[in-house]
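Take a look at the letters that make up each chain.
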Amino acid sequence: MQVQLLRIDSRLLHGQVTTSWAKAFRLDRILVVDDAAAHDPLRQVLLQQAAPVGIPVNVLTVDQACRLVDDSRLASTKVMIITATPESARLLIEAGLAVESVNVGSLSFSAGRQMVTNAVAVDATDVAAFRWMHARGIQLDLRQVARDSSRNLWRILSEKHLV
């Protein structure tokens, strides 16, 4: 599969994705990789309805997506993969998904998470996954939509003394 973008966004598929990233990369397919969403039929339907016209969406568990990394049926398919967590993205990369950068859109705030930007809150598991990616030379591209200027999330985490 030709991964055009691996995106981490706790909101998964939403308007910014449909209006910006899908157009920027001329996608053939969007893979939403999230265990909770993959086990929720209603959420699957809602995610599929949020897709741009003509771009199919598959909602998969992390395990299912890891098995697709080397699937020859997707060899010429331009895909965007969206995960809700840095750990899910790490597992995909560990399974052999080749990416040079990971786009981080939004990680919602909740108890136990620290705000590092106005759209990104992290916990220890997130930081560990980002540390793993950084150690492998993967760039952490922080931006909401394709036209935004790229910001280096690793630098921000460093400035906050989280890594």
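What you see is a predicted model, and the numbers here were worked out from it, not measured in a lab. (Residues numbered from 1 in each chain as written. Predicted model: local features only at pLDDT ≥ 70, side-chain atom pairs only at ≥ 80, totals over all residues. Heavy atoms only, no water.)

## Observations concerning helix α1 (residues 15–25)
Short version of the rule: The rule is simple: take the accessible area with a 1.4 Å probe, protein chains only, and divide by the maximum for that residue type; under 20% is buried, over 50% is exposed, in between is partly exposed. Secondary structure elements are taken from DSSP: a helix is a run of H or I of four residues or more, a strand is a run of E of two residues or more, and numbering for both begins at the N terminus. Contact criterion: two residues are considered in contact whenever any of their non-hydrogen atoms come within 4.5 Å of each other.
Val-17, Thr-18, Ser-20, Trp-21 and Ala-22 are the residues of α1 that are buried. Residues of α1 that are buried sit in contact with β1 (2–9), β2 (29–33), β4 (78–83) and β5 (101–106). Directly beyond the C-terminal end of α1, a positive phi value near 45° is found at Arg-26.

## Description of the pairing of strand β8 (residues 139–142)
Convention followed: Two strands form a pair only when DSSP identifies at least two bridges running between them.
Of the pairings in the sheet, the one linking β5 to β8 comprises 4 bridges and is parallel in character. Looking at the pairing, Val-104 lines up with Leu-142 of β8. Pairing of β8 with strand β9 (residues 151–152), which is carried by 2 bridges, proceeds in the antiparallel orientation. Each residue of the ladder has a partner; that of Asp-141, found in β9, is Asn-152.

## Points about the environment of Val-3
Within the fold, Val-3 resides in strand β1. Separated by 127 residues in the primary sequence, Val-3 and Phe-130 place their C-alpha atoms 19 Å from one another.

## Observations regarding the packing of helix α5 (residues 86–94) against helix α6 (residues 124–135)
Between two packed helices, both the angle of their axes relative to each other and the distance between the axes serve to describe the pair. Note the threshold: Fitting a line to C-alpha atoms yields each axis, with helices limited to the stretch in contact; the angle taken between N-to-C directions then spans 0 to 180 degrees. We call a crossing left-handed when the near helix sits turned anticlockwise from the far one by less than a right angle, and right-handed when that turn is clockwise.
Contact geometry for α5 and α6: axes closest at 8 Å, N-to-C directions at 30°. When you trace α5 past α6, the crossing you get is left-handed. Facing Pro-86, Glu-87, Ala-89, Arg-90, Ile-93 and Glu-94 of α5, the residues of α6 in contact are Thr-125, Asp-126, Ala-129, Phe-130, Trp-132 and Met-133.

## Side note on the nonpolar core
Test applied: Nonpolar cores are built from buried Ala, Val, Leu, Ile, Met, Phe, Trp, Tyr and Cys residues. Side-chain atoms within 4.5 Å join them into one set.
Ranked by internal contacts, the top residues of the largest apolar core, which has 38 residues, are Leu-6, Ile-81, Val-102, Phe-130, Met-133 and Leu-153. The leading source of residues in this core is α6, at 5 residues. What Leu-153 contacts, discounting residues up to four positions off in sequence, is Val-104, Val-116, Phe-130, Leu-140 and Leu-142. Formed by 19 residues, the second largest nonpolar core is a distinct cluster that contains Val-17, Val-32, Ala-37 and Ala-51.

## Here we look at the packing of aromatic side chains
Basically, it comes down to this: To pair, rings of Phe, Tyr and Trp, with the six-membered ring standing in for Trp, must have centres within 6.5 Å; the planes then decide the type, stacked if under 30 degrees apart, edge-to-face if over 60, and tilted in the middle.
Across all of its chains, the model carries 1 aromatic pair by this definition. For the pair Trp-21 and Phe-25, a centre-to-centre distance of 6.0 Å together with 10° between the ring planes defines the contact as stacked. Placement of the pair is Trp-21 and Phe-25 together in helix α1, with a separation of 4 residues, close to one helical turn. By relative accessible area, Trp-21 is classed as buried at 1%. Phe-25 sits in the partly exposed class, given a relative accessible area of 25%.

## Some words on the sheet that holds strand β3 (residues 57–60)
Strands pair in a sheet through their backbones, by hydrogen bonds, and they do so in one of two ways: parallel or antiparallel. Strand order in this open sheet of 7 strands is β3-β2-β4-β1-β5-β8-β9, and the pairing throughout is mixed. Only two strands of the sheet have a single partner each, and these edge strands are β3 and β9. Pairing between β2 and β4: 5 bridges, direction parallel. Residue pairing across strands places Ile-30 opposite Met-80, the latter belonging to β4. Seen against the sheet, α5 touches β1, β2, β4 and β5 and runs at an angle of roughly 155° to β1.

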